[in-house]
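Structural characterization, general
One-letter residues, chain by chain:
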Amino acid sequence: MAPDNRAESAEVQHEIVDLSVTLSSVFRMLVPLADDRQIDLTGSWKRGCTVLSMEDDVYQIIFNLVENGIKYNQPQGSVHVSLEKTAEDVTISVEDTGFGIPEEALGHIFERFYRVDKARSRQAGGSGLGLSIVRELVQRNYGSIEVRSEVGKGTRFMVVFPYFEVEGENENAE
């Protein structure tokens, strides 16, 4: 009988991912939803924001955060996504003008099945799993996530990953 290799095949493979390319893909998918809901979706980023992660994971992280910003926004609201790089980190920031999250709920939003506003979540189609999955994916890819929110003004999620410099990147910048 052959040895059981399921544990080995379940190991995740990290690769070099340029988050600007991932962000462009997310925008292509979510612009129609934003337009349909009359939400102004904007972004600012540059190429070369490379991290060592799983491409599907970072896509899912960014997609969930941007989609939430659109779904839980106020009429005529906006969602702005930015991508910034330092020598050590790459930061994805998703900021919306939505309803905001009450202070007492902020400590729970990453828990499975937790919903800030159960009635609004049902209308928007939320299951209460999105942010818990986002946090798991961020941690699995060596990152951290932080949230700031003010009721009636909006929410800002910041995801930070270690920057992974690609060989020859600085040579091409000249």
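Above: the structure in question.
My aim in this report is to walk through the structure given alongside it, one point at a time. (Residues numbered from 1 in each chain as written. Predicted model: local features only at pLDDT ≥ 70, side-chain atom pairs only at ≥ 80, totals over all residues. Heavy atoms only, no water.)

1. Description of the overall build of the chain
Applicable threshold: A helix here means a DSSP run of H or I that spans at least four residues, while a strand means a run of E at least two residues long, and both kinds are numbered starting from the N terminus. Here, two residues are considered to be in contact whenever any of their heavy atoms come within 4.5 Å of each other. Note that accessible areas follow from Shrake-Rupley with a 1.4 Å probe, and for residues the cover is restricted to the protein chains shown.
A tally of regular secondary structure across the chain gives seven helices and seven strands. Ordered by position from the N terminus, the helices and strands of the chain form the series α-β-α-β-β-α-β-β-α-α-α-β-β-α. Contacts spanning at least 24 positions in sequence make up 70% of the contacts within the chain whose residues lie at least 6 apart. Within the structure as shown, the chain displays about 10300 Å² of accessible surface, and the carbon and sulfur contribution to it stands at 48%.

2. Things to note about the packing of helix α2 (residues 19-36) against helix α3 (residues 55-71)
What counts is decided by this rule: As a rule, the C-alpha atoms of each element are fitted with a line to give its axis, helices using only the stretch in contact, and angles between N-to-C directions run from 0 to 180 degrees. When the near helix sits turned anticlockwise from the far one by under a right angle, the crossing is termed left-handed; a clockwise turn instead gives a right-handed crossing. Gly falls in the polar group here, along with every residue not listed as nonpolar (Ala, Val, Leu, Ile, Met, Phe, Trp, Tyr, Cys, Pro) or charged (Asp, Glu, Lys, Arg).
Packing of α2 against α3 leaves a shortest axis separation of 9 Å and a crossing angle of 35°. The interaxial crossing formed by α2 with α3 has right-handed handedness. Where α2 approaches α3, its residues Leu19, Thr22, Leu23, Ser25, Val26, Met29, Leu30, Leu33 and Ala34 are matched on the opposing element by Glu55, Val58, Tyr59, Ile62, Phe63, Val66, Glu67 and Ile70. Residue composition of the contact of α2 with α3, by class: 13 nonpolar, two polar and two charged.

3. Looking at the pattern of salt bridges
Put simply, the test is: Here, a salt bridge means any side-chain nitrogen of Lys or Arg that lies within 4 Å of a carboxyl oxygen of Asp or Glu.
The tally for this structure, following the rule as stated, stands at six salt bridges. The partner of aspartate 18 in a salt bridge is arginine 47, with the nearest N and O atoms 4.0 Å apart. Residue aspartate 18 is located in strand β1 (residues 15-18), and its partner arginine 47 is located in the loop between β2 (40-44) and β3 (50-53); the two are separated by 29 residues in the primary sequence. In this structure, lysine 153 engages glutamate 150 in a salt bridge whose closest nitrogen and oxygen atoms are separated by 3.7 Å.

4. A word on a nonpolar patch on the surface
Our working rule: Only residues whose relative accessible area exceeds 30% and that take part in no salt bridge are eligible for patches, with like-charged residues grouped when within 9 Å of each other and nonpolar side chains (Val, Leu, Ile, Met, Phe, Trp, Tyr) grouped when within 5 Å. Remark: exposure states derive from per-residue accessible area (1.4 Å probe, protein chains only) relative to the maximum for the residue type, with buried under 20%, exposed over 50%, and partly exposed in between.
Taken together, Ile16, Leu52, Tyr142 and Phe164 make up a surface patch of nonpolar side chains, about 350 Å² in accessible area. Examined against the element boundaries, tyrosine 142 turns out to sit in the loop between α6 (130-140) and β6 (144-150). Of the residues examined, tyrosine 142 reaches a relative accessible area of 49% and is grouped as partly exposed.

5. Here's the deal with the sheet that holds strand β7 (residues 154-162)
Heads up, the condition is: Strand pairing is assigned whenever DSSP identifies at least 2 bridges connecting the two strands.
Taken together, five strands build an open sheet; the order of strands is β2-β4-β5-β7-β6 and the sheet is mixed. Two strands bound the open sheet, and with one partner strand each, they are β2 and β6. Averaged over all pairs of adjacent strands, the angle between strand axes in this sheet comes to 10°, irrespective of strand direction. Helix-sheet contacts for α3 involve β2, β4 (78-85), β5 (89-96), β6 and β7, and the interaxial angle to β7 is about 170°. Against the sheet, α6 engages β6 and β7, with an angle of about 145° to β6.

6. Considerations on the nonpolar core
A general trend in soluble globular proteins is that nonpolar side chains are found buried together. So the rule is basically this: We call a set of buried Ala, Val, Leu, Ile, Met, Phe, Trp, Tyr and Cys residues a nonpolar core when their side-chain atoms join them within 4.5 Å.
Membership of the largest hydrophobic core comes to 38 residues, with the highest contact counts inside it found for Leu19, Leu65, Val66 and Ile92. Every element with two or more residues in this core is listed here: α2, α3, β4, β5, α6, β6 and β7. If we ignore the near neighbours within four places in the chain, the residues touching leucine 65 are Val94, Leu131, Val134, Ile145, Phe157 and Val159.

7. Describing the pairing of β4
One ladder, built from five bridges, connects β2 with β4; its direction is parallel. Paired with serine 44 across the two strands is serine 82, which belongs to β4. Of the pairings in the sheet, the one linking β4 to β5 comprises seven bridges and is antiparallel in character. Following the sheet pairing, lysine 85 is matched in β5 by valine 90. From the end of β4 to the start of β5, which pair antiparallel, there are three residues.

8. Some points on unusual backbone geometry
With a phi angle near 55°, glutamine 38 is a residue other than glycine that sits in the positive phi range. Assignment of secondary structure puts glutamine 38 in the loop between α2 and β2. Residues other than glycine seldom take positive phi values, yet tyrosine 142 does so here, at roughly 70°.

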